[in-house]
Amino acid sequence: MTNIRICELSVNFGGLAAINKMSLEIESGDRHAIIGPNGAGKTTLLKSINGQLSDIKGTVFLGKQEIQSRTKLGLGCTFQHNNLFSDLTVIENIYIALQNRLGIANHLSPKQSILTSMVSESHQLLDTFGLSMVKSQVTDTLSYGQQRVLDLAIAIAMNPKALLLDEPTAGMSVLETTNMIQIIEKLPDTVTLVLVEHDMNVVFEIAKHITVLHNGKIIGQGTPAEIRNNSIVREYYLGNKK
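Caption draft 1: Looking closely at the overall build of the chain. Secondary structure summary: the chain contains nine helices and ten strands in total. Against the compact-globule benchmark of 18 Å for 242 residues, the chain has a radius of gyration of 19 Å, which places it among compact chains. Overall, the chain is about 60 × 40 × 35 Å in size when its C-alpha atoms are taken along their principal axes. The buried share of the chain, taken over its 242 residues, is 46%. Considering only contacts within the chain whose residues lie at least 6 apart along the sequence, 65% involve residues at least 24 apart. Of the roughly 12400 Å² of accessible surface on the chain, 48% is carried by carbon and sulfur atoms. For the chain, the distance from the average position of its 21 positive side-chain charges to the average position of its 22 negative side-chain charges is 6 Å.

Take a look at the structure:
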């Protein structure tokens, strides 16, 4: 079953074609990586899927619905600059996400049963993402890696059908990268994952399928093994011209 479908997508910035008549289908539950050199159109593609860019040609669907409002349709995302409330604690950030999902953010007196469920779910998320020990810390005091993990936890708290990750391990230490890989691998199979990442070790560890972009066009698609053996991809991106 196709979860994300991109049809004849074009995105132009001035006279530059960032995405050029691209079509792509990503199956439900897939772990799909988007790779390519700088300027290939990777982040532009994520922003187009996300509904963040309005001036585009073509269509993007999540399931059978054209994407217009990502949250209502069930799209989650994390980009290179997180959207955390830096002056609140870790668990308060989780609470805010859950309140928005449950529709009680503006309720002065939500039902006790809803609050109890929210608190229970927040602690489960903290355990899953390894943040229980820092739940009472102000977010701004966390390490960079912990902030990226919290950003991912918040995205999952919104119960997305699909999750877009833009460079989730960028700027991380080796240990933080390993931790992030392990967390991503534990994400529910019901969530379709679309990942943009420069670190090929991360890509080949996580992805089931890979799409390679160059100058806004797809130059290769397949499994990690197929991409490794694709002569065009080796020439343009992996640096091997054999």
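Caption draft 2: Expanded view of the pattern of salt bridges. Applying the stated rule across the entire model yields one salt bridge. The partner of R101 in a salt bridge is E121, and the shortest N-O contact between them spans 2.7 Å. Separated by 20 residues along the polypeptide, R101 in helix α3 (residues 90–102) and E121 in helix α4 (residues 112–128) bring together distant segments of the chain. The class of R101 is partly exposed, set by a relative accessible area of 29%. Its relative accessible area of 21% is what places E121 among the partly exposed residues.

Caption draft 3: Fine view of the packing of helix α5 (residues 144–157) against helix α6 (residues 174–185). At their nearest, the axes of α5 and α6 sit 10 Å apart, and the two run at 15 degrees to each other. It follows that α5 is roughly parallel to α6 by the angle criterion. Here the hand of the crossing between α5 and α6 comes out right-handed. Together, G145, R148, V149 and L152 of α5 and E176, N179, M180, I183 and I184 of α6 make up the contact between the two elements.

Caption draft 4: Region of interest: the nonpolar core. Counting residues in hydrophobic clusters, the biggest one holds 45 residues, and the most contacted among them are F129, L131, L163 and I210. Counting residues per element, this core draws most heavily on α5, which supplies eight residues. Among all residues touching I210, those that are not within four sequence positions of it are H32, A33, I35, V203, F204, G220, Q221, G222, P224 and I227. Counting residues in hydrophobic clusters, the runner-up holds 24 residues, among them V11, I34, L62 and I67.

Caption draft 5: Local environment of the sheet that holds strand β6 (residues 75–78). Here we have six strands laid out as an open sheet, ordered β6-β7-β8-β3-β9-β10, and mixed in their pairing. The open sheet terminates on both sides in strands that have one partner only, identified here as β6 and β10 (217–222). Direction aside, neighbouring strands of the sheet carry axes that sit 15 degrees apart on average. One ladder, built from five bridges, connects strand β9 (residues 209–214) with β10; its direction is antiparallel. Paired with I210 across the strands is G222, a residue of β10. The strands touched by helix α1 (residues 42–49) within the sheet are β3 (31–35), β6, β7 (162–166), β8 (192–196) and β9, with β7 carrying the most contacts at an inclination of about 150 degrees.

Caption draft 6: Inspection of the packing of aromatic side chains at higher detail. As enumerated under the stated definition, the model contains zero aromatic pairs in all. The positively charged end of R5 is found above the aromatic ring belonging to F61, 4.4 Å away from the centroid. One residue, R228, lies across the ring of F204, its end atom 3.8 Å from the ring centre.

Caption draft 7: Spotlight on the pairing of strand β4 (residues 56–62). Here β4 pairs with strand β5 (residues 65–66) via two bridges, running antiparallel. By the bridge assignment for β5, L62 is matched with Q65. Hairpin geometry of β4 and β5 is characterised by an intervening segment of two residues between the two adjacent antiparallel strands and by a positive phi of about 65 degrees at G63.

Caption draft 8: View of unusual backbone geometry. A positive phi is found at E8, a non-glycine position, where the angle reads about 50 degrees. Looking at the secondary structure, you find E8 in strand β1 (residues 2–13). Take E8: its relative accessible area is 47%, and that puts it in the partly exposed class. In this model, N159 sits at a positive phi of 55 degrees, which is unusual for a non-glycine residue. The residue N159 is located in the loop between α5 and β7 in this model.

Definitions and limits used
- Residues numbered from 1 in each chain as written.
- Predicted model: local features only at pLDDT ≥ 70, side-chain atom pairs only at ≥ 80, totals over all residues.
- Heavy atoms only, no water.
- Helix = DSSP H or I, 4+ residues; strand = E, 2+ residues; numbered from the N terminus.
- Rg over C-alpha atoms; globule rule 2.2 N^0.38 Å.
- Buried < 20%, exposed > 50% of the residue type's maximum accessible area, 1.4 Å probe, protein only.
- Contact = heavy atoms within 4.5 Å.
- Areas by Shrake-Rupley, 256 points an atom, 1.4 Å probe, with all protein chains shown as cover.
- Lys, Arg positive; Asp, Glu negative; His and termini not counted.
- Charge placed at Lys NZ, Arg CZ, Asp CG, Glu CD.
- Salt bridge = Lys/Arg side-chain N within 4 Å of Asp/Glu carboxyl O.
- Axes fitted to C-alpha atoms, helices over the stretch in contact; angles between N-to-C directions.
- Parallel < 35°, antiparallel > 145°, perpendicular 65-115°, else oblique.
- Left-handed = near helix turned anticlockwise from the far one by under 90°.
- Core = buried A, V, L, I, M, F, W, Y, C linked by side-chain atoms within 4.5 Å.
- Pairing = 2+ DSSP bridges.
- Phe/Tyr/Trp six-rings, centres within 6.5 Å; stacked < 30°, edge-to-face > 60°.
- Lys NZ or Arg CZ within 6 Å of the ring centre and 35° of its normal.

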